[in-house]
Amino acid sequence: MKLFDLAKSFAKDESGAVTVDWVVLTAGIVTLGLLVTVLIRPAIQGLSERIAGAVDAVEVTP
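So, here's what we can say about the structure.

So, the overall build of the protein
So, step 1. Within the protein, the secondary structure is distributed over 2 helices and 0 strands.
So, step 2. A compact globule built from 62 residues would reach a C-alpha radius of gyration of about 11 Å, whereas the protein, at 27 Å, exceeds it by more than 25%.
So, step 3. C-alpha atoms of the protein, sized along the principal axes, occupy 90 × 25 × 10 Å.
So, step 4. Per-residue burial over the protein gives 0% buried out of 62 residues.
So, step 5. Carbon together with sulfur atoms contributes 72% to the accessible area of the protein, which is approximately 6100 Å² in total.
So, step 6. Computed over 5 positive and 7 negative side-chain charges, the separation of the two mean positions in the protein equals 16 Å.

Okay, here's the thing in structure tokens:
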């Protein structure tokens, strides 16, 4: 009988449920951040190359 009561109280215990929620939420945010980084990187690289070309083209007179 005690084993059944122990199993029943274990099934009702929700103390770890919040931790699982936070772990899943954090994993989703990290995945979203990596996805955005992968998608935006080529555009940023092209923009930085154009800026570097423009800066190189400027002549500085003393």
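So, helix α2 (residues 17-57)
So, step 1. Here α2 contains 41 residues, and its C-alpha end-to-end distance of 59 Å stays within 8% of the 60 Å for a straight helix at 1.5 Å per residue.
So, step 2. In the structure, α2 departs most strongly from a straight axis at Ile-40, where the bend amounts to approximately 40° and where the proline Pro-42 lies between one and four residues downstream.

A closer look at the environment of Gly-16
So, step 1. Relative to the assigned elements, Gly-16 resides in the loop between α1 (2-12) and α2.
So, step 2. Note on Gly-16: relative accessible area 36%, which makes it partly exposed.
So, step 3. Sequence separation between Gly-16 and Ala-43 is 27 residues; the distance between their C-alpha atoms is 42 Å.

Quick word on a nonpolar patch on the surface
So, step 1. A surface patch of nonpolar side chains, amounting to about 570 Å² of accessible area, comprises Leu-32, Leu-35, Val-36, Leu-39, Ile-40 and Ile-44.
So, step 2. Within the fold, Ile-40 resides in helix α2.
So, step 3. On the basis of relative accessible area, Ile-40 is assigned to the partly exposed category, the value being 40%.

Quick notes on the rules
Residues numbered from 1 in each chain as written. Predicted model: local features only at pLDDT ≥ 70, side-chain atom pairs only at ≥ 80, totals over all residues. Heavy atoms only, no water. Helix = DSSP H or I, 4+ residues; strand = E, 2+ residues; numbered from the N terminus. Rg over C-alpha atoms; globule rule 2.2 N^0.38 Å. Buried < 20%, exposed > 50% of the residue type's maximum accessible area, 1.4 Å probe, protein only. Areas by Shrake-Rupley, 256 points an atom, 1.4 Å probe, with all protein chains shown as cover. Lys, Arg positive; Asp, Glu negative; His and termini not counted. Charge placed at Lys NZ, Arg CZ, Asp CG, Glu CD. Expected span 1.5 Å × (residues − 1). Bend = angle between axes of the 7 residues up to and from the residue. Patch = residues over 30% accessible without salt bridge, like charges linked within 9 Å, V, L, I, M, F, W, Y side chains within 5 Å. Salt bridge = Lys/Arg side-chain N within 4 Å of Asp/Glu carboxyl O.

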